[in-house]
Each structure stands twice: as C-alpha cells, then as structure tokens.
Amino acid sequence: FFLFSMGKANKTRKFAKVKRMMNPKDPRAKSDKEVQKTKKEEEKKESKLSKLTKMEVKKIEKERVALFFSHNKELGPPYQILMDTNFINFSIQYKLDIVQQMMNALLAKCVPVLTDCVVAEIEKMGHRYRMALKLTKDPRFTRLTCTHKGTYADDCIVDRVKQHR
C-alpha cells in the first residue's frame with residue numbers, strides 16, 4: 001500500500017486584490033454634486049418642451065359616411081376590387097383562385113381590377129414572379145391605365161381610391 005504525502009498546494013498570487021480606484025485629480029472624475037446638477041439641467045430642458053412639441057401632430061381626414069353600405073345604397077354588386085402586388089403574390093402562395101375566393105368572401109359578383117403600376121411592379125420583381133405576371137394577363141381582370149409618372153403601385157392605388165370616393 002502506498003502513502004501519498006500531501007504537498008503544499010500551489011497558490012497563485014492574486015494581483016489587484018484591492019479595488020482599483022481613480023485618481024481624484026482625474027478630469028473625468030466628477031463629484032456627485034456635479035452629476036446631480038447636470039441631471040437637473042437636463043430635466044429642466046425636457047420640462048420646458050411642451051407636451052405638444054413632443055407629440056407628432058397629424059392631419060387625419062374624417063371618414064366619409066358614403067363609404068359605408070348602410071348609408072350609401074349605391075354600393076353594391078358587382079364589386080370592383082382593386083388589387084396590388086401582395087394580393088396577387090399571396091393568392092399564388094396559398095394556391096387560391098382569386099375570382100372564386102372573392103366571390104366566396106363577399107357573396108356577390110366581383111370584378112378584379114389591376115392598374116398598370118401593379119403589373120409594372122410585378123415585371124420589375126423579376127423571373128421569380130413570372131407566375132404572378134401570367135396571372136395578371138387573365139381576361140377576367142380589368143386593366144386600368146395610369147397617367148402619372150413612375151411605377152409605385154401603392155401611391156397609385158391610394159390616389160385612385162381617393163378620387164372615387
């Protein structure tokens with residue numbers, strides 16, 4: 001049987017055991033009073049700003065009553081649905097027949113409408129969206145021509161909706 005002698009444990013020296021302290025003459029060191037003064041000054045500046053300047057004021061148009069079916073009996077079938085690129089892409093992604101699903105959702109005859117900007121936006125998207133481009137050529141879709149410059153479809157659709165309120 002063997003006897004093991006217990007040797008002295010190797011102890012590593014611990015440097016910087018005392019917490020390091022900044023030199024009191026260091027220009028970065030500020031007294032608590034100075035810190036409190038700067039905080040108070042910042043709070044005063046913030047309080048001087050009124051609540052109105054902090055809030056962003058937006059002009060919100062009132063909703064037109066004529067857009068609701070209960071007030072405007074002229075709104076009725078056949079509904080003209082103005083579609084954008086996302087509408088077409090999601091219908092392809094979820095394998096939905098656009099016209100059929102519109103009729104199922106609204107329980108009435110629907111006429112899908114596309115603007116030139118929407119078609120141009122799909123053309124810009126490239127080869128991956130060729131199926132969406134084929135879908136826009138469907139004879140059941142009505143095409144609207146655009147007279148404005150550019151091909152940004154979202155602005156075009158918003159302008160059209162505002163025109164035909």
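Use the structure listed above.
Predicted model only: the values in this text are computed from it and were never measured.

Calculation notes
Residues numbered from 1 in each chain as written. Predicted model: local features only at pLDDT ≥ 70, side-chain atom pairs only at ≥ 80, totals over all residues. Heavy atoms only, no water. Axes fitted to C-alpha atoms, helices over the stretch in contact; angles between N-to-C directions. Helix = DSSP H or I, 4+ residues; strand = E, 2+ residues; numbered from the N terminus. Parallel < 35°, antiparallel > 145°, perpendicular 65-115°, else oblique. Left-handed = near helix turned anticlockwise from the far one by under 90°. Contact = heavy atoms within 4.5 Å. Salt bridge = Lys/Arg side-chain N within 4 Å of Asp/Glu carboxyl O. Buried < 20%, exposed > 50% of the residue type's maximum accessible area, 1.4 Å probe, protein only. Pairing = 2+ DSSP bridges.

(A) Expanded view of the packing of helix H5 (residues 116-124) against helix H7 (residues 153-163). The interhelical angle for the contact between H5 and H7, taken along N-to-C directions, is 170°, at an axis separation of 8 Å. Relative to H7, H5 is oriented roughly antiparallel. Relative to H7, the crossing made by H5 is left-handed. Between H5 and H7, the contacting residues are Cys117, Val118 and Glu121 on the first element and Ala153, Cys156 and Ile157 on the second.

(B) Structural context of the pattern of salt bridges. Counted under the stated rule, the structure contains three salt bridges. Among the salt bridges present, the one from Asp97 reaches Arg140, with a minimum N-O distance of 3.4 Å. In this pair, Asp97 sits in the loop between helix H3 (85-93) and helix H4 (98-106) while Arg140 sits in the loop between helix H6 (130-136) and strand E3 (142-144), placing the two residues 43 residues apart along the sequence. Here Arg140 falls in the partly exposed class, since its relative accessible area comes to 42%. Across the pair Asp116 and Arg143 runs a salt bridge, and its minimum N-O distance is 3.0 Å. Of this pair, Asp116 sits in helix H5 while Arg143 sits in strand E3, placing them 27 residues apart in sequence. What makes Arg143 partly exposed here is its relative accessible area of 40%. Counted as one network, the salt bridges with shared partners bring together Asp97, Asp138 and Arg140.

(C) Representation of the sheet that holds strand E2 (residues 110-115) in the model. The three strands lie next to each other as E1-E2-E3, forming an open sheet whose pairing is parallel. Two strands close off the open sheet at either side, each with one partner strand: strand E1 (79-82) and E3. On average, each strand axis in the sheet is inclined to that of its neighbour by 35°, with strand direction left out of account. As paired strands, E2 and E3 are joined by three bridges and run parallel to one another. If you follow Thr115 over to E3, its bridge partner there is Leu144.

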